Amino acid sequence: MSDNQKEALRQAALFYHEYPKPGKLEIRATKPLANGRDLSRAYSPGVAEACLEIKDDASNASRYTARGNLVAVVSNGTAVLGLGNIGALASKPVMEGKAVLFKKFANIDCFDIEVNEPDPEKLADIVCALEPTFGAINLEDIKAPDCFIVEKLCRERMNIPVFHDDQHGTAIVVGAAAKNALFVANKRFEDIKIVSTGGGAAGIACLNMLLKLGVKRENVWLCDVHGLVYEGRTEDMNPQKAAYAQKTDLRTLDDVVDGADMFLGLSGPRVLKPEMVARMAKRPIIFALANPTPEILPEEAREVAPDAIIATGRSDYPNQVNNVLCFPFIFRGALDVGATEINDDMQLACIDGIAQLARATTSAEAAAAYQGERLSFGADYLIPKPFDPRLSGVVSTAVANAAMASGVATRPLEDLEAYKAKLTQSVFKSALLMRPVFEAARTASRRIVFAEGEDERVLRTAQAILEETTEQPILIGRPEVMETRCERAGLTVRPFKDFQVVNPENDPRYRDYWTTYHQVMARRGVTPDLAKAIMRTNTTAIGAIMVHRDEADSLICGTFGEYRWHLNYVTQLLATETLQPSGALSLMILEDGPLFIADTQVSIDPTPEEIAKTVIGAARHMRRFGLEPKIALCSQSQFGNLNSDTGQRQRAALQILDSCPRDFCYEGEMNVDAALDAELRERIFPGNRLQGTANALIFANADAASGVRNILKVKGGGLEVGPILMGMGNRAHIVSPSITARGLLNMAAIAGTPVAQYG
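Residues numbered from 1 in each chain as written. Predicted model: local features only at pLDDT ≥ 70, side-chain atom pairs only at ≥ 80, totals over all residues. Heavy atoms only, no water.

Colleague: Give me the sheet that holds strand S13 (residues 500–502): which residues, what numbers.
Modeller: Within the open sheet, the five strands sit side by side as S13-S12-S11-S14-S21. Their pairing is parallel. Of all the strands in the sheet, the pair left with one neighbour each is S13 and strand S21 (732–734). Between one strand axis and the next, the sheet turns through 20° on average, direction left out of account. Where strand S14 (residues 554–557) meets S21, three bridges bridge the pair, whose relative direction is parallel. The residue of S21 that forms the bridge with Leu-555 is Ala-732. (Pairing = 2+ DSSP bridges. Helix = DSSP H or I, 4+ residues; strand = E, 2+ residues; numbered from the N terminus. Axes fitted to C-alpha atoms, helices over the stretch in contact; angles between N-to-C directions.)

Colleague: Before we move on, can you summarise the domain arrangement of the protein chain with the specific residues and values?
Modeller: Taken domain by domain, the protein chain consists of domain 1 (35–160), domain 2 (168–319), domain 3 (324–425), domain 4 (442–574) and domain 5 (582–727). Here the C-alpha centroids of domain 3 and domain 4 sit 36 Å apart. (Domains from an automatic or database assignment.)

Colleague: Summarise the confidence of the model for the protein chain; cite the residues concerned and give the values.
Modeller: The predicted model of the protein chain averages 91 in pLDDT, with 96% of residues at 70 or higher. In this model, residues 755–759 is a region of pLDDT below 50 whose contacts with residues beyond four sequence positions or in other chains number 16 contacts. (pLDDT = per-residue confidence, 0-100. Contact = heavy atoms within 4.5 Å.)

Colleague: A description of helix H26 (residues 608–624) should follow, citing residues and the corresponding values.
Modeller: Counted at 1.5 Å a residue, the expected span for H26 with its 17 residues is 24 Å, and the 25 Å between its end C-alpha atoms agrees. Once H26 finishes, Gly-626 follows within two positions and takes phi at roughly 75°, a positive value. (Expected span 1.5 Å × (residues − 1).)

Colleague: Just give me the short version of the pairing of S14, but keep the residues and values in it.
Modeller: Taking every second residue as pointing to the same face, both faces of S14 are buried, with Ser-554 and Ile-556 on one and Leu-555 and Cys-557 on the other. Pairing of strand S11 (residues 447–450) with S14, which is carried by three bridges, proceeds in the parallel orientation. Bridging from a neighbouring strand, Val-449 pairs with Leu-555 of S14. (Buried < 20%, exposed > 50% of the residue type's maximum accessible area, 1.4 Å probe, protein only.)

Colleague: Tell me about the nonpolar core, and name the residues and values.
Modeller: Judged by nonpolar contacts, the single largest core of 98 residues is most densely connected at Ile-137, Leu-210, Phe-287 and Phe-331. When near neighbours in sequence (up to four residues on either side) are disregarded, Ile-137 contacts Ala-72, Val-74, Val-127, Met-158, Ile-160, Pro-161, Val-162, Phe-163 and Phe-331. (Core = buried A, V, L, I, M, F, W, Y, C linked by side-chain atoms within 4.5 Å.)

Colleague: Can you tell me about the pairing of strand S2 (residues 109–114), naming the residues and giving the values?
Modeller: On any regular strand, side chains alternate: one points to one face of the sheet, the next to the other face. Note: strand S1 (residues 70–75) against S2, six bridges, orientation parallel. The partner of Val-74 across the bridge, within S2, is Ile-113. For the segment spanning S1, helix H5 (residues 92–106) and S2, crossover handedness is right-handed. (Right-handed = clockwise from strand over helix to strand, strands pointing away.)

This is the structure in structure tokens:
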């Protein structure tokens with residue numbers, strides 16, 4: 001990297017920390033404080049009631065305060081990253097960053113506390129005095145051996161978890177990576193020889209963890225800056241190092257590296273030489289974790305040991321050993337069961353959870369965050385990526401379960417599966433609303449055909465369908481392309497073996513398909529030659545023909561291309577006298593709840609009759625999500641104050657709806673703000689029949705509906721489920737090109753609901 005590039009990165013980092021406001025944290029209120037009544041509850045006199053409840057029962061602090069979800073990140077700045085003893089104040093950006101990671105990855109609130117106290121016993125006194133404020137303590141960047149003293153004293157005196165992440169967080173991630181590395185190398189913990197460099201807090205903790213995993217003490221050779229740790233050595237020794245002293249005449253790393261199965265480096269740059277690697281055992285495991293320059297660069301190690309399994313602490317190489325895989329989730333599980341400590345059982349459970357997750361299929365979300373990287377379990381993918389959203393559900397649940405089983409949980413969970421589902425819902429915003437849909441989909445095994453079967457999102461969806469539902473995916477596309485993309489994406493599913501395939505280039509049903517299409521379309525200008533061409537090239541038409549011929553129950557298409565182009569073929573082949581597209585309904589999942597938008601796609605300027613059908617269809621679909629419809633017909637006109645075109649059509653649609661009894665609530669026409677603000681609406685039209693905030697907005701123009709949907713999605717942080725094609729009896733759904741693999745899975749669940757239940 002050139003000096004100019006380094007300076008550019010430096011300035012970018014400083015800009016990030018300074019703007020738009022200094023630092024990386026702020027405090028936000030979680031309760032309203034808008035009037036005197038709120039003030040009287042938040043502070044005097046109402047606050048006294050919460051104080052008295054906690055005085056009577058200390059466990060009530062988790063009910064009435066943020067303590068149960070609050071962690072302190074405490075440092076005295078004596079061993080900050082690779083910067084050394086830079087002092088408490090200079091460590092603050094690092095501690096703020098740690099707090100941000102807690103919030104981002106596990107939704108744990110966190111205060112960073114930097115303390116000017118080099119004496120470990122006095123520092124422990126300060127930390128212990130903080131117990132009333134926090135549910136757990138994360139010690140950070142305290143030099144060895146002081147960190148051992150501080151943690152030991154705090155754990156003895158405090159009744160909440162105290163966890164020195166530099167030690168145990170690193171040890172847990174190393175343990176998970178080592179477990180999978182040995183699996184790949186076909187070796188066992190109890191058989192391997194380990195050579196380690198470092199001897200600091202992290203290095204000692206990693207060795208301690210490896211012993212717990214089965215490594216034999218006599219097979220560990222520890223070196224530091226002074227050479228091998230051996231019996232009788234007095235220079236720079238402490239009890240933690242002495243525990244690994246070997247009775248030997250050997251004195252250097254070069255002396256002891258012969259035949260080593262694993263090198264564990266938490267020391268300094270380039271201490272492991274290529275010639276040393278050449279003398280290690282076959283299929284050596286090399287964890288060179290020094291930052292920014294590791295003990296040996298991966299490319300140098302592979303020159304002499306091409307089959308080496310390598311991990312580093314850097315993000316630009318595979319297998320980054322990153323504590324963020326551990327600490328947010330081990331604290332999440334510990335806090336949620338009110339654990340009094342983080343014990344060995346919880347740490348081992350954390351290791352198992354991380355290791356198992358790497359061996360599972362890679363999540364679509366992680367693949368999207370790390371585009372271009374091969375995320376398939378093996379030598380270059382031993383541990384999951386930090387942005388894998390499954391970490392919270394898998395690892396936190398394993399930790400919580402271990403805390404309960406080991407007897408340190410003060411608030412045991414009654415239903416562990418429900419807890420895991422809750423964590424999953426916090427990551428996948430659609431999970432809670434989609435639960436009733438998935439439950440309904442599991443009652444039948446429907447055949448879902450995907451028109452764009454070569455798309456990686458579709459392939460990931462097929463894998464997820466087979467893992468999470470009883471549906472049968474059918475993919476249209478070239479099987480050799482699917483095979484290659486499944487392999488590249490680290491998916492275990494394969495065409496023909498796990499899902500049906502329709503190959504447009506060579507399928508035995510080709511003649512049946514084009515003749516069927518010609519029969520349907522012969523009087524609409526389609527010749528046999530055109531029918532043949534369409535059945536070779538148009539995957540949406542092929543999928544629709546399959547549903548038409550009852551070879552599939554529902555079609556999902558639209559991952560590329562324009563909506564109405566797909567709709568044309570769906571209507572040609574699947575519409576009947578009773579089944580006609582009546583609107584596209586999008587569920588927008590927002591921070592303050594769900595909001596349905598229609599019609600975003602089907603009718604550009606719908607007639608009153610079409611609007612009424614859209615309203616009725618929206619109400620039916622909303623109940624599939626367990627929601628009671630409160631539908632607003634939206635227009636620039638408000639309860640008749642404008643004689644605009646949209647106002648006239650909305651009023652006519654309202655008359656149609658009023659002509660028959662309806663079992664759901666609707667009102668119109670009105671502005672969007674009136675629909676979403678009950679107080680404003682009541683001022684404008686007292687006694688209107690819509691109660692509270694509308695949860696569905698029906699527009700008289702597709703431009704308006706689509707515009708609102710896109711604004712909510714891009715600027716409002718909304719997650720879209722849909723669009724759901726209404727009126728077609730669940731025979732087809734047309735998604736948008738921006739849909740994710742998770743979105744496709746949601747649509748598959750919607751399509752997988754039996755038609756009888758669908759309504």
